[in-house]
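Working through the structure, step by step
Next come the chains, spelled out residue by residue.
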Amino acid sequence: MVFIKAFVVLLAVLVVHAKAIDVAQLRRIAANNNVSCIYVFGDSSVDPGNNNNLMTDLKVNFLPYGKDFYDSRPTGRFTNGRLATDLIADALGHTKAIPAYLDPNLTNAKLVKGISFASGGSGYDDLTAQLSNVISLSKQLEYFREYKARLGKVVGKKRGREIVTNSVFLLSMGTNDFLQNYYLEPTRSKQFTIDKYQDFLISAMTKYIKVCILCICTFLTNLILSETLKTIHITEINGGA
């Protein structure tokens, strides 16, 4: 049910940006579905600055990038202003700009509105990220697990569960797998025909989506187990039922 809710809201977001529906209508849809946060995974199309402190040439934390951002400040976004994910978060009423998870100035207060784990130059194929020394999708999911632990410490495990399970997950990537990998480097083109490589990417995408769902389910299971053990402990202290 949680994933159906998130999907419904995501569809609403796409409709809003396609047909310019009243933002108030979108916010009502989000409120009705208890949408609490936005998690972003992907490449430069949604990276707000995770590459800034990486040893890679794929970073844009300098002007003219960011010249139309708040205070004309370059943040590491691969654009002159805000990203599509920033606009979506703003339309939902969460935050005007989704922060990068690796931002050294990331505060605990920002953890509950929206976080991006995306990295410019990444792709569904982990080799794509390795070629540019950026954050692979598998590493982005590892950071997501790390984030959940941090979130639980900040707001408590129960509230952390509510935030994660009522969030919208956005994934935007795939171009670099061809432009920075298949068509430039010989490794994949020797292994796969273009059709087979497409199948390989679809398989990788499916795997990572399943991993993401498993992360959420594991998070919920651990929380339920923890709460159950607390109940048992309290019952034993009170002398049983």
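The rules behind the values
- Residues numbered from 1 in each chain as written.
- Predicted model: local features only at pLDDT ≥ 70, side-chain atom pairs only at ≥ 80, totals over all residues.
- Heavy atoms only, no water.
- Helix = DSSP H or I, 4+ residues; strand = E, 2+ residues; numbered from the N terminus.
- Buried < 20%, exposed > 50% of the residue type's maximum accessible area, 1.4 Å probe, protein only.
- Contact = heavy atoms within 4.5 Å.
- Areas by Shrake-Rupley, 256 points an atom, 1.4 Å probe, with all protein chains shown as cover.
- Salt bridge = Lys/Arg side-chain N within 4 Å of Asp/Glu carboxyl O.
- Axes fitted to C-alpha atoms, helices over the stretch in contact; angles between N-to-C directions.
- Parallel < 35°, antiparallel > 145°, perpendicular 65-115°, else oblique.
- Core = buried A, V, L, I, M, F, W, Y, C linked by side-chain atoms within 4.5 Å.
- Pairing = 2+ DSSP bridges.
- Right-handed = clockwise from strand over helix to strand, strands pointing away.

Below, the discussion takes up the overall build of the chain. Looking only at helices and strands, the chain features nine helices and three strands. Among the 241 residues that make up the chain, the fraction classed as buried is 42%. Contacts in the chain between residues far apart in sequence, at least 24 positions, make up 67% of those at least 6 positions apart. Summing over all exposed atoms, the chain offers an accessible surface of approximately 12800 Å²; the carbon and sulfur share of this is 58%.

Our next topic: the pattern of salt bridges. As a working rule, side chains carrying opposite charge can pair if their charged atoms are close by. What the rule picks out here adds up to seven salt bridges. A salt bridge links Lys-67 to Asp-68, with the nearest nitrogen and oxygen atoms 3.2 Å apart. What makes Lys-67 partly exposed here is its relative accessible area of 44%. Under the relative-accessibility criterion, Asp-68 is labelled partly exposed at 48%. Between Asp-90 and Arg-82 there is a salt bridge, and its shortest N-O distance comes to 3.0 Å.

On to the packing of helix H2 (residues 23-32) against helix H3 (residues 84-92), then. Where H2 contacts H3, the axes come no closer than 8 Å and their chain directions differ by 80°. By the angle class used here, H2 and H3 are roughly perpendicular. Seen from H2, the contacting residues are Val-23, Leu-26, Arg-27 and Ala-30; seen from H3, they are Asp-90, Ala-91 and Leu-92.

Moving on, we come to the nonpolar core. A general tendency of soluble globular proteins is for nonpolar side chains to be buried together. Grouped together as the largest cluster of nonpolar side chains are 27 residues, with contacts concentrated most on Tyr-39, Ile-115, Phe-117, Phe-144 and Tyr-147. Contributing elements (two or more residues each) for this core: strand E1 (38-42), helix H5 (137-155), helix H6 (157-165), helix H7 (175-182) and helix H9 (194-237). Broken down by element, the residue count for this core peaks at six residues, all from H5. Listed in part, the 14 residues of the second largest apolar core include Ala-30, Ala-89, Leu-92 and Leu-170.

Turning our attention to the pairing of E1. Most of E1 sits inside the fold, with five of its five residues counted as buried. With burial as the criterion, each face of E1 is covered, one bearing Ile-38, Val-40 and Gly-42 and the other bearing Tyr-39 and Phe-41. Of the pairings in the sheet, the one linking E1 to strand E2 (residues 114-116) comprises three bridges and is parallel in character. Paired with Ile-38 across the strands is Gly-114, a residue of E2. With respect to chirality, the unit in which E1 leads through H3 into the neighbouring parallel E2 is right-handed. Where E1 lies against strand E3 (residues 168-172), five bridges are found, and the strand directions are parallel. Its bridge partner being in E3, Tyr-39 is matched across the sheet by Phe-169.

Strand order in the open sheet formed by three strands is E2-E1-E3, with parallel pairing between adjacent strands. With partners counted over all chains shown, the strands left at the sheet margins are E2 and E3, one partner each. Here the average twist between neighbouring strands, direction ignored, is 15°. In the packing of H5 onto the sheet, the strands contacted are E1, E2 and E3, and the crossing angle to E1 comes to about 160°.

It is worth spelling out the environment of Asn-80 at this point. Inspection of the secondary structure puts Asn-80 in the loop between E1 and H3. The class for Asn-80 is partly exposed, based on a relative accessible area of 36%. For the pair Asn-80 and Tyr-65, spaced 15 residues apart in sequence, the C-alpha to C-alpha distance is 4.6 Å. Discounting residues that sit within four places of it in the chain, Asn-80 has contacts with Gly-66, Lys-67, Asp-68 and Phe-69.

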